[in-house]
Amino acid sequence: MDPVELFHEVAATVPAYGRFLAEHRVDPAKVRTLADFAALPMTTKQNYTRRHPLPDLCRNGVIGDMIAVSSGSTGEPSFWPRSVSDERVITDRFAEVFGDAFGARGRRTLAVVCFALGTWVGGLFTVSCCRHLAGRGFPITVVAPGTDRREIRRVLPELAPYFDQVVLLGYPPFLKNVIDTEDLPWHEWDLKLVTAGEVFSEEWRALVAERAGIADPLRGIASLYGTADAGVLGNETPLSAEIRRFLSGRPDLAREIFGESRLPTLVQYDPQVRYFEEHAGTLLFSGGNGVPLIRYHIADEGGVLPYDRLLSFVAAHGFKPSASGPERPFVYVFGRGHFTVSFYGANVYPENIAVGLEQPEVSGAVTGKFVLEVAEDERRDRTLTVTVELMPGVRPSDEVAAAAGEAILGQLLRLNSEFAAYVPPERRRPVIRLREAGDPEYFPPGAKHRYTR
């Protein structure tokens, strides 16, 4: 993608962006080089998309043929028009996952869409992209039970035996919970998973692969980096997953290359259709979507790594990936910074807690869902508190609480150098509160889960 060319097209055809440039006294004719482009003001929800009528955010003031709604995780929901042409571009990312990783070009594949259906972006967008794959000749059949567990239980046993493999698509904690709690013959169906929306650990990948009978976790579980604003921006490849697995065992190297002690999602993206930039440790992107966006700040913490730089880095530390992959750049994504909690000046990330709960000494008793918060006791002392959801049928016990606390503390000290340096030893051990599955206060069924309070 030539971002300067895209800029001129958007400036000429999108009424809201023309006004935005005028407000910032930008003359489009003077934007000729990449340096000129990098000096353009950033756009955000606050300064751009929420300040203009929806038609004015679209090319020639015409809303596209379908509307998606954001999840509203950072506030009120936003509306994002898109068109069939947008979906066709995004389908290339699905083709890479299904075709290159899952071998679906020559295997009868049942794609089971377990994202929420309706106006929210995940479900219907995924259904559309999977059907576009079928239109390209992939032997794929789509069924969309969404998050309705009864429908998942009903359709899978009936349909799965007719196919060579089954692909579940959904948010990581939901898919894990379905695999853990539904008494279905997962190991017989050559299961694969496509996830989005959350960072998961390599321990999570290995644990879920074992429970689902996925022989090769690097080629059987793939994460998409997507937003309601622009669809799928990048996807895991076997190459990016293998590099991530290597770095997960070397937190010192992960910190060196990513600048953080926690492990991000690592995906590859197509620079012909998306242009990424870094700004103060966060990501900007530009792309021609249903709502074309120029230097759009999505507030995701992360960065961009050229292909040669990352491969050279891991090679310098003795690692040569066995997986081949496209020679395209990488983008790494930690997620939104406001989902952390601060404890004695240290940022504590949900990812750190998740790895603790995925350790073998506790993973069998918990679902993986939790709520992280800093609470004050009666003496006004602050404590790091983790409320943990138990597996169905498991009752709260001191033994499970102790195992969870020990596992979480061990991973915090291993992965989070701030925590180890800032928090006094006597205040480090988290307080563990156990809740039964589906607890209405902390883990209500069907709701989009939030990991911090």
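What comes next is a walk through the structure.

Pairing between side chains of opposite charge can happen when their charged atoms approach one another. Counting across every chain of the model gives 28 salt bridges. Between Glu23 and Arg51 there is a salt bridge, with its nearest N and O atoms 3.0 Å apart. Note that Glu23 is positioned in helix H2 (residues 15-23) and Arg51 in the loop between helix H3 (34-38) and strand E1 (66-69), a separation of 28 residues in sequence.

Turning to helix H12 (residues 307-316), a few remarks are in order. Regarding H12, the residues found buried are Tyr307, Leu310, Leu311, Phe313 and Val314. Taken end-on, H12 shows its buried residues confined to a sector of 155°, consistent with a single buried face. Facing away from the buried side of H12, by more than 90 degrees, are the exposed residues Asp308 and Ala316. A positive backbone phi angle near 85° is found at Gly318, which sits one or two residues after H12.

Take the packing of helix H10 (residues 238-248) against helix H11 (residues 251-258) next. The contact between H10 and H11 brings their axes to 6 Å, and the two run at 120°. The orientation of H10 relative to H11 falls into the category oblique. Residues Phe246, Leu247 and Ser248 of H10 lie in contact with H11, whose contacting residues are Pro251, Leu253, Ala254, Ile257 and Phe258. Of the residues belonging to the contact of H10 with H11, the class tally is 7 nonpolar, 1 polar and no charged.

Bringing helix H6 (residues 149-159) into the picture now. Listed as buried for H6 are Ile152, Val155 and Leu156. Angular distribution of buried residues about the axis of H6 spans 100°; they occupy a single face of the element. Among the exposed residues of H6, those oriented more than 90 degrees off its buried face are Arg150, Arg154 and Glu158. Taken together, the buried residues of H6 touch strand E3 (109-113), strand E4 (140-143), strand E5 (165-170) and helix H7 (172-181). By the N-cap criterion, in which a side-chain oxygen at the helix start approaches the backbone nitrogen of a residue two or three places on, H6 is capped by Asp148, the distance to Arg150 being 3.0 Å.

Right, let's get into the environment of Ala323. Secondary-structure assignment places Ala323 in the loop between H12 and strand E13 (330-336). On the basis of relative accessible area, Ala323 is assigned to the buried category, the value being 8%. In the structure, Ala323 is positioned 86 residues away from Thr237 in sequence and 8.9 Å away in space, judged by C-alpha atoms. Apart from residues no more than four positions distant in its own chain, Ala323 is found in contact with Arg219, Pro238, Leu239 and Glu242.

In the contact formed by H7 and helix H8 (residues 202-212), the axes pass within 10 Å of each other and the chain directions differ by 30°. Considering their axes alone, H7 and H8 lie roughly parallel with respect to each other. Remark: the crossing between H7 and H8 carries left-handed chirality. Along the contact surface, H7 presents Pro172, Lys176, Ile179 and Asp180, while H8 presents Trp204, Leu207, Val208, Arg211 and Ala212.

Moving on, we get to the pairing of E3. Burial within E3 is extensive, with 5 of its 5 residues counted as buried. Burial along E3 is two-sided: Thr109, Ala111 and Val113 and Leu110 and Val112, pointing in opposite directions, are all buried. Strand direction decides the pairing type here: E3 and E4, joined by 4 bridges, are parallel. Residue pairing for E4: Val112 is matched across the bridge by Val143. As a crossover connection, the stretch from E3 through helix H5 (residues 121-135) into E4 is right-handed.

The subject of this paragraph is the packing of aromatic side chains. Considering all chains together, one arrives at 20 aromatic pairs under this definition. Plain terms: the ring middles of Tyr225 and Phe276 are 6.4 Å apart, the flat faces sit at 25° to each other, and that makes the pair stacked. One end of the pair, Tyr225, is in strand E7 (residues 221-227); the other, Phe276, is in strand E10 (residues 275-279), and 51 residues separate them in sequence. Phe276 carries the same exposure label as Tyr225, and that label is buried. Look at Phe258 and Tyr332: their rings are 4.9 Å apart centre to centre, the planes differ by 50°, and that puts the pair in the tilted class. Of this pair, Phe258 sits in helix H11 while Tyr332 sits in strand E13; the two residues are 74 residues apart in sequence, bridging distant segments of the chain. Taken as a pair, Phe258 and Tyr332 share a single burial class, namely buried. In this arrangement the basic side chain of Arg453 is found over the ring face of Tyr442, its NZ or CZ atom lying 4.0 Å from the centre.

Tracing the chain through its elements places Arg93 in helix H4 (residues 84-101). Of the buried charged residues, Arg93 lacks a salt bridge, with Glu96 as the closest side chain of opposite charge at 4.0 Å. Ignoring sequence-local partners within four residues, the contact set of Arg93 consists of Val232, Gly234, Asn235, Asp270 and Arg328.

About the criteria used
Residues numbered from 1 in each chain as written. Predicted model: local features only at pLDDT ≥ 70, side-chain atom pairs only at ≥ 80, totals over all residues. Heavy atoms only, no water. Salt bridge = Lys/Arg side-chain N within 4 Å of Asp/Glu carboxyl O. Helix = DSSP H or I, 4+ residues; strand = E, 2+ residues; numbered from the N terminus. Buried < 20%, exposed > 50% of the residue type's maximum accessible area, 1.4 Å probe, protein only. Arc of directions from axis to C-beta. Axes fitted to C-alpha atoms, helices over the stretch in contact; angles between N-to-C directions. Parallel < 35°, antiparallel > 145°, perpendicular 65-115°, else oblique. Contact = heavy atoms within 4.5 Å. Nonpolar A, V, L, I, M, F, W, Y, C, P; charged D, E, K, R; others polar. Polar contact = N/O pair within 3.5 Å; in protein donor to acceptor, adjacent residues only side chain to side chain. Left-handed = near helix turned anticlockwise from the far one by under 90°. Pairing = 2+ DSSP bridges. Right-handed = clockwise from strand over helix to strand, strands pointing away. Phe/Tyr/Trp six-rings, centres within 6.5 Å; stacked < 30°, edge-to-face > 60°. Lys NZ or Arg CZ within 6 Å of the ring centre and 35° of its normal. Lys, Arg positive; Asp, Glu negative; His and termini not counted.

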